[in-house]
Amino acid sequence: RAFAARLLADAANDDARINLAYRLAYARSPTANEQAEAIAFLHDQGKRVDGKAQSADPQAVQSPNPDAHSAALVDFCHAIFNTSEFLYID
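Source: prediction; values computed, not measured. Along each chain, the written sequence defines residue order, and numbers are assigned to residues from 1. This being a predicted model, a pLDDT of at least 70 is required before a residue's local features are given, and a value of 80 or more before pairs of side-chain atoms are given or counted; all residues contribute to the totals for chains, interfaces and linings. Hydrogen atoms and water are omitted, and side-chain values are computed over all heavy atoms in the structure.

**Considering helix H1 (residues 2-10)**
Along H1, the positions that sit buried rather than exposed are Phe-3, Ala-4 and Leu-7. Viewed along the axis of H1, the buried residues span an arc of 100°, placing them on a single side of the element. Pointing more than 90 degrees away from the buried face of H1 are the exposed residues Ala-2 and Ala-9. Every residue pair with non-hydrogen atoms within 4.5 Å of one another is taken to be in contact. By definition, any uninterrupted DSSP run of H or I lasting at least four residues is a helix, any uninterrupted run of E lasting at least two residues is a strand, and each is numbered from the N terminus. Looking at the packing, one finds that the buried side of H1 touches helix H2 (14-26) and helix H4 (66-81). Residue burial is assigned from relative accessible area. The probe radius is 1.4 Å, only protein chains are included, and a residue is buried under 20% of its type maximum, exposed over 50%, and partly exposed in between. In this description, the arc belongs to the directions extending from the helix axis to the C-beta atoms.

**What about H2?**
By definition here, a helix of n residues has an expected span of 1.5 Å times n minus one. In this model, H2 (13 residues) spans 17 Å end to end at C-alpha, consistent with the 18 Å of a helix rising 1.5 Å per residue. Burial in H2 covers these residues: Asp-14, Arg-17, Ile-18, Leu-20, Ala-21, Tyr-22, Ala-25 and Tyr-26. For H2, the elements touching its buried residues are H1, helix H3 (32-50) and H4. We define a polar contact as two N or O atoms separated by no more than 3.5 Å, with the added condition that, inside protein, one atom must be a possible hydrogen donor and the other a possible acceptor, whereas residues neighbouring each other in sequence contribute only through side-chain atom pairs. For H2, the capping residue at the N-terminal end is Asn-13, with a side-chain oxygen 3.1 Å from the backbone nitrogen of Asp-15. Trailing H2 by a residue or two, Ala-27 shows a phi angle of about 60°, which is positive.

**Quick notes on the packing of aromatic side chains**
Pairing of aromatic rings covers Phe, Tyr and the six-membered ring of Trp, with a centre-to-centre limit of 6.5 Å; geometry is then stacked below 30 degrees between planes, edge-to-face above 60, and tilted otherwise. Scanning the entire structure with this criterion turns up two aromatic pairs. Their ring planes at 35° and their centres at 5.0 Å tell us that Phe-3 and Phe-81 sit as a pair that is tilted. Note that Phe-3 is positioned in helix H1 and Phe-81 in helix H4, a separation of 78 residues in sequence. Look at Phe-3 and you get buried, because its relative accessible area is 14%. Here Tyr-22 and Tyr-26 contribute two aromatic rings whose centre-to-centre distance is 5.2 Å and whose plane-to-plane angle is 75°, an arrangement assigned as edge-to-face. Taken together, the residues span about one helical turn, with Tyr-22 and Tyr-26 both in helix H2 at a distance of four residues. In this structure Tyr-22 comes out as buried when scored by relative accessible area, which is 9%.

Right under this line is the structure:
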């Protein structure tokens, strides 16, 4: 939740938040495919959390419910931390 709160505070939109998340967690920018998948995830997860049917417009990333969108961002942050790229092996 703290990571998502930082992304919300430090970046103005989802594209910038995704880029910042990748830079902070992985020390790199997301690829074009990763960016597109992250945008789709935020859209779909926001709709699931909000309990509404998915929009026909995949570009409509922001859920009408800001709480649902924030919850989707928290889920995105969990996914960032649960990738093999984030693990450090000695």
